[in-house]
Amino acid sequence: MLKLINFSSNVVFGNNVICSIPSEMESKNFPKDIIFISGENTFKLFGNKVLDKIQKSDFRVIKDIIGVGKDKDTIDDQISKFPKDKKYTIIAVGSGSVLDAGKYIASETNSPLISIPTSLSTDAIATSFSVLWRKGSSIAIKTVAPSLVIGDYQLLKKEDKRFIKAGIGDMLSKLSALYDWRLSFWLAKEKYNDFAYSLASYTTKLIIKRLNHILNSDYIGIETLFLAEVTDGYLMEISNTTRVAAGSEHLFSFAMETLGVNLLHGELCGIGTVIMHFLQTGSHKARKIFEKSHFPITVKELGINKETIIKALSISHKMRNWYTILGKEGLTEGQAERLAKYAGVI
Ligand SMILES: [Zn+2]
């Protein structure tokens with residue numbers, strides 16, 4: 001059966017584009033009633049300014065949810081309070097977890113979403129998948145792509161370098177994810193799309209080529225990282241799977257989160273990429289790229305103990321029903337320790 005793909009995201013980007021929110025909303029005939037979502041810190045720094053701009057227009061904020069978190073049951077509880085059979089405009093201002101909650105609420109209320117990232121630390125800004133938490137485990141849910149993504153460079157270039165590096169980590173995950181995706185097609189008959197694979201390889205090369213620009217947060221660097229993350233949304237739409245951007249390195253990041261490691265998603269993906277790329281190819285190419293970016297990849301730099309890395313590696317294959325380099329059985333703790341050592345992480 002032919003499946004129609006809906007490239008629903010419009011993207012507005014550049015310096016100070018945030019001022020154009022009310023006119024963009026007007027021109028797209030978005031519903032006048034707004035549900036506004038933001039993180040607690042983001043709201044103080046920036047969300048309140050967006051809220052001000054909207055309140056001066058003839059759109060009405062009927063509910064603001066500040067500090068929603070990523071627990072699915074808590075978000076479901078919020079959604080149950082909104083009148084049914086009514087469309088809203090959902091505005092999500094913040095980093096990955098706020099945008100993931102926004103996409104879920106937009107999907108459940110059948111409403112358009114405006115995604116306003118304040119950080120480029122993950123590709124969650126434009127994808128149609130949300131990662132939420134339920135009873136201590138992360139779950140990936142097919143939701144909706146934002147109807148409008150606003151990338152304001154003046155805002156994004158102010159973010160801490162740690163978040164920019166995490167964004168690089170999430171984007172360079174493809175160094176191992178694409179290998180795994182191809183493997184899953186040949187060995188486990190998972191969905192695969194050669195065109196999306198080629199595009200994803202190209203954006204990865206571009207990120208590596210422009211690494212210094214990205215680390216300097218200059219115009220071309222912010223634009224490259226922002227558009228690469230937006231492109232991930234399109235890649236997932238074309239291939240109808242997250243596998244184009246996530247493989248065994250993401251499984252490792254989910255395992256680390258499950259073990260309670262409190263590092264950014266992209267930081268965990270970066271370490272995962274260094275390890276899995278070594279397992280796949282026997283080369284330290286990925287490690288060298290991350291080292292060049294002063295990206296923390298060793299237990300010493302990360303301030304975590306080696307036992308956690310070993311444990312996470314040995315349970316990674318259980319995190320999703322994906323075929324990857326870890327196979328169906330995964331690694332024993334002995335193998336995991338040897339791998340982490342050889343990859344230069346412990
Ligand atoms: Zn990711």
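Residues numbered from 1 in each chain as written. Predicted model: local features only at pLDDT ≥ 70, side-chain atom pairs only at ≥ 80, totals over all residues. Heavy atoms only, no water.

J.: How do you make sense of helix α2 (residues 40–55) when you look at a structure like this?
T.: In an α-helix, one turn spans 3.6 residues; hence positions three or four apart end up facing the same way. Between its first and last C-alpha atoms α2 spans 19 Å; for 16 residues at 1.5 Å apiece the expected length is 22 Å, and the helix comes up short by more than 12%. Phenylalanine 46 marks the point of greatest bend in α2, at about 60°. Along α2, the residues that are buried comprise Thr42, Phe46, Gly47, Val50, Leu51 and Ile54. Against α1 (21–27), β2 (33–38), β3 (60–66), β4 (89–94), β5 (113–117) and α5 (153–156) lie the buried residues of α2. (Helix = DSSP H or I, 4+ residues; strand = E, 2+ residues; numbered from the N terminus. Expected span 1.5 Å × (residues − 1). Bend = angle between axes of the 7 residues up to and from the residue. Buried < 20%, exposed > 50% of the residue type's maximum accessible area, 1.4 Å probe, protein only. Contact = heavy atoms within 4.5 Å.)

J.: Mind showing me how you'd approach the coordination of the zinc ion here?
T.: Protein coordination at the zinc ion comes from Asp170 (OD), His250 (NE2) and His265 (NE2), with a distance range of 2.1 to 2.2 Å. Here the donor residues for the zinc ion map to a single chain with the spacing D-x79-H-x14-H. With histidine 250 in helix α11 (residues 248–258) and histidine 265 in helix α12 (residues 265–281), the pair connects residues that are 15 residues apart, well separated along the chain. The same class applies to histidine 250 and to histidine 265, which are both buried. (Donors = N, O, S within 2.8 Å, 3.2 Å for Na, K, Ca; no water.)

J.: Which parts of the structure should I look at to understand the domain arrangement of the protein?
T.: One widely used convention gives an interface's size as the accessible area the parts lose upon coming together. The domains assigned to the protein are domain 1 (10–156) and domain 2 (161–342). With both sides pooled, the region where domain 1 packs onto domain 2 buries about 2200 Å², and carbon together with sulfur makes up 65% of that total. If you sort the residues of domain 1 by the area they bury against domain 2, Leu120, Asp123 and Tyr153 come out on top, with a joint share of 29%. At the boundary of domain 1 and domain 2, one finds 1 salt bridge. The partner of glutamate 237 in a salt bridge is lysine 142, and the shortest N-O contact between them spans 3.9 Å. Our enumeration of links across domain 1 and domain 2 arrives at 5 residue pairs in polar contact (both at pLDDT 80 or more). Looking at the side of domain 1 that touches domain 2, the elements that each hand over two or more residues are β1 (10–14), β6 (129–134), β7 (137–142), β8 (148–152) and α5. Tallying contributions element by element places β7 first for the side of domain 1 that touches domain 2, with 4 residues. Its residues assigned to classes, the side of domain 1 that touches domain 2 shows 15 nonpolar, 10 polar and 2 charged. (Domains from an automatic or database assignment. Buried area = accessible area lost by both parts, 1.4 Å probe. Salt bridge = Lys/Arg side-chain N within 4 Å of Asp/Glu carboxyl O. Polar contact = N/O pair within 3.5 Å; in protein donor to acceptor, adjacent residues only side chain to side chain. Nonpolar A, V, L, I, M, F, W, Y, C, P; charged D, E, K, R; others polar.)

J.: What should I look at first to understand the nonpolar core in this one?
T.: Soluble globular proteins tend to pack their nonpolar side chains together in the buried interior. Grouped together as the largest cluster of nonpolar side chains are 75 residues, with contacts concentrated most on Phe252, Ile275, Ile309 and Leu313. No fewer than three residues from each of domain 1 (10–156) and domain 2 (161–342) sit in this core. With residues up to four places along the chain from it excluded, the contact list for isoleucine 309 reads Phe252, Met256, Ile271, Ile275, Val299, Ile304, Ala340, Val345 and Ile346. In terms of nonpolar packing, the next biggest core, distinct from the first, is built from 20 residues, Ile54, Ile91, Val93 and Leu155 among them. (Core = buried A, V, L, I, M, F, W, Y, C linked by side-chain atoms within 4.5 Å.)

J.: Explain the layout of surface pockets here, please?
T.: Where empty space is left becomes clear once a probe the size of a water molecule has been rolled over the atoms. Considering only enclosed or pocket space, the second largest pocket measures out at about 190 Å³ in volume. Looking at the second largest pocket, the residues that line it are Lys174, Leu175, Leu178, Tyr179, Tyr197, Ser201, Thr204, Lys205, Ile208, His277 and Lys285. The element best represented in the lining of the second largest pocket is helix α8 (residues 194–209), accounting for 5 residues. Class assignment of the residues belonging to the lining of the second largest pocket gives a composition of 5 nonpolar, 3 polar and 3 charged. (1 Å grid on protein atoms, 1.4 Å probe; cavity = no way out; pocket = protein on both sides within 12 Å on 5 of 7 lines; lining within 4 Å. Points joined across faces, edges and corners; volume = space filled by probe spheres on them.)

J.: What is the right way to read the sheet that holds β5 from this model?
T.: What holds strands together in a sheet is hydrogen bonding between their backbones, with the strands either parallel or antiparallel. Sheet architecture is open: 6 strands sit in the order β1-β8-β5-β4-β2-β3, paired in parallel fashion. Both edges of this open sheet fall to β1 and β3, since each of them pairs with a single strand only. Strand-to-strand twist of the sheet, defined as the mean angle between neighbouring strand axes without regard to direction, takes the value 15°. Pairing of β4 with β5, which is carried by 5 bridges, proceeds in the parallel orientation. Within β5, the residue paired with alanine 92 across the bridge is serine 115. Relative to the sheet, helix α10 (residues 219–239) contacts β1, β5 and β8, its axis offset from that of β1 by approximately 170°. (Pairing = 2+ DSSP bridges. Axes fitted to C-alpha atoms, helices over the stretch in contact; angles between N-to-C directions.)

J.: Just to check I follow, could you spell out α12 for this structure?
T.: Between the first and last C-alpha of α12 there are 24 Å, a value that for 17 residues agrees with the 24 Å anticipated at 1.5 Å per step. Counting buried positions along α12 yields 15 of 17 residues, so the element is predominantly enclosed. Glycine 282, located one to two residues past α12, shows a positive phi value of around 75°.

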